[in-house]
Amino acid sequence: MTALLKVEDLKVAYGKIEAVKGISFEVNEGEIVCLVGTNGAGKTTTLRTLSGLLKPSGGSVTFDGNPLANVPAHKIVAMKLAHSPEGRHIFPRLTITENLQLGAFLRTDKEGIEKDIQRAYDLFPILGERRKQAAGTLSGGEQQMLAMGRALMCQPKLLMLDEPSMGLSPLMMQKIMATISELKATGTTILLVEQNAQAALSLADRAHVMEIGKIVLSGTGQELLHNEDVRKAYLGED
Ligand SMILES: Nc1ncnc2c1ncn2[C@@H]1O[C@H](COP(=O)(O)OP(=O)(O)OP(=O)(O)O)[C@@H](O)[C@H]1O
Ligand SMILES: [Mg+2]
């Protein structure tokens, strides 16, 4: 099987500081692959590089059979690699519907767009109920739903989610994690970045632990969930 996403020896630097120091991993179609790691490990930097927002200083990325070197961010979205960023970055003054429409900015199939907006409302009914409201009035968890819904509007082959559970109540977090499972069940391939290792590893087919720019441990979600070092470092056990 050829991987949908293949990352080989990827390096990313901010000036002289190398934040990602040569990481390699793959995401196969239909999988949830998870990157976990402490603050500053380089997880967000990795996703931003895959989206074309940062330029790598070394290594290569292949998505859906095409090299991503020098491909600008909007073309990467057109290739159907979507990114729901850390901090959500919804447009607070625009309505929920307008935020979703922006996720489809490269599409011209009006009917298809309408259908996918409806799908976002089916996935997250609260967004449908509040569709005409300014997105800034949503709670943190609801804004996370909107960010995910917006990313889905480009009909992604790969959906990258950066810390979807950040700042959410346990109940809201469960809802988001359940939605991620639901998306997988309907065939969406997902690259998930999470600090909440317990929840993320429970969902993940495969996972990688990052520490200061490197992958230090890899395995299935279940393997890492039961790994003693991971339990000590990320699950608060000693
Ligand atoms: N714009 C920037 N300029 C300089 N250094 C940066 C910049 N953004 C991130 N860094 C540094 O790069 C390293 C990796 O940061 P990154 O945001 O990728 O980590 P992360 O794993 O996503 O962490 P967190 O879990 O806190 O979100 C950190 O040391 C960070 O300080
Ligand atoms: Mg981050």
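What counts and how
- Residues numbered from 1 in each chain as written.
- Chains lettered and ligands numbered in written order.
- Predicted model: local features only at pLDDT ≥ 70, side-chain atom pairs only at ≥ 80, totals over all residues.
- Heavy atoms only, no water.
- Near = heavy atom within 4 Å.
- Polar contact = N/O pair within 3.5 Å; in protein donor to acceptor, adjacent residues only side chain to side chain.
- Areas by Shrake-Rupley, 256 points an atom, 1.4 Å probe, with all protein chains shown as cover.
- Helix = DSSP H or I, 4+ residues; strand = E, 2+ residues; numbered from the N terminus.
- Contact = heavy atoms within 4.5 Å.
- 1 Å grid on protein atoms, 1.4 Å probe; cavity = no way out; pocket = protein on both sides within 12 Å on 5 of 7 lines; lining within 4 Å.
- Points joined across faces, edges and corners; volume = space filled by probe spheres on them.
- Nonpolar A, V, L, I, M, F, W, Y, C, P; charged D, E, K, R; others polar.
- Donors = N, O, S within 2.8 Å, 3.2 Å for Na, K, Ca; no water.
- Buried < 20%, exposed > 50% of the residue type's maximum accessible area, 1.4 Å probe, protein only.
- Core = buried A, V, L, I, M, F, W, Y, C linked by side-chain atoms within 4.5 Å.
- Salt bridge = Lys/Arg side-chain N within 4 Å of Asp/Glu carboxyl O.
- Pairing = 2+ DSSP bridges.

## As for the site of ligand 1
Right, so step 1: Surveying the vicinity of ligand 1 reveals 13 residues, the closest of which are N39, K43, T45, E86 and Q195.
Right, so step 2: For ligand 1, an oxygen atom lies 2.7 Å from a polar atom in the side chain of E86.
Right, so step 3: For ligand 1, an oxygen atom lies 3.3 Å from a polar atom in the side chain of E163.
Right, so step 4: In isolation ligand 1 exposes 640 Å². Once the protein is present, 60% of that is buried.

## Considerations on the side chain of S84
Right, so step 1: One can find S84 in strand β6 (residues 81–84).
Right, so step 2: Beyond its immediate sequence surroundings of up to four residues, S84 is in contact with Q144, A147, M148, A151, M160, L161 and D162.

## Overview of empty space enclosed by the protein
Right, so step 1: In this structure the tally under the stated criterion is 1 cavity of 30 Å³ or more.
Right, so step 2: Approximately 50 Å³ is the volume attributed to the largest cavity.
Right, so step 3: Those elements that place two or more of their residues in the lining of the largest cavity are α4 (110–123) and α6 (140–152).
Right, so step 4: Tallied by class, residues from the lining of the largest cavity come to 4 nonpolar, 1 polar and 2 charged.

## Some words on the coordination of the magnesium ion (ligand 2)
Right, so step 1: Donor atoms from the polypeptide that coordinate the magnesium ion (ligand 2) comprise T44 (OG1) and E86 (OE), at 2.0 to 2.2 Å from the metal. Residue T44 is located in helix α1 (residues 43–50), and its partner E86 is located in the loop between β6 and α3 (96–102); the two are separated by 42 residues in the primary sequence.
Right, so step 2: Under the relative-accessibility criterion, E86 is labelled partly exposed at 32%.

## Regarding the nonpolar core
Right, so step 1: With 49 residues, the main nonpolar core has L127 and I180 as its most contacted residues.
Right, so step 2: Among residues more than four places away in sequence, those in contact with I180 are I32, M148, L161, P164, I190, L192 and L203.
Right, so step 3: Formed by 24 residues, the second largest nonpolar core is a distinct cluster that contains V27, L68, L191 and V193.

## Quick word on the pattern of salt bridges
Right, so step 1: In total, this model carries 9 salt bridges according to the counting rule given.
Right, so step 2: A salt bridge links R107 to D109, with the nearest nitrogen and oxygen atoms 3.0 Å apart.
Right, so step 3: With relative accessibility at 14%, the residue R107 sits in the buried group.
Right, so step 4: Close ionic contact of E142 with R130 constitutes a salt bridge, the shortest N to O distance being 3.3 Å. Placement of E142 in helix α6 and of R130 in the loop between α5 (125–129) and α6 is noted, with a sequence separation of 12 residues between them.
Right, so step 5: For R130, a relative accessible area of 26% corresponds to the partly exposed category.
Right, so step 6: If you follow the salt bridges from partner to partner, you end up with R107, D109 and D116 in one network.

## Some details on the pairing of strand β4 (residues 58–63)
Right, so step 1: By the bridge criterion, 5 bridges tie strand β1 (residues 5–14) to β4 in an arrangement that is antiparallel. Considered in β4, the bridge of V7 is made with V61.
Right, so step 2: With 2 bridges joining them, β4 and strand β5 (residues 66–67) adopt antiparallel strand pairing. Within β5, the residue paired with F63 across the bridge is N66.
Right, so step 3: Adjacent in sequence and paired antiparallel, β4 and β5 are bridged by 2 residues, among which D64 carries a positive phi angle near 55°.

Any link to function would need more than the numbers given here.
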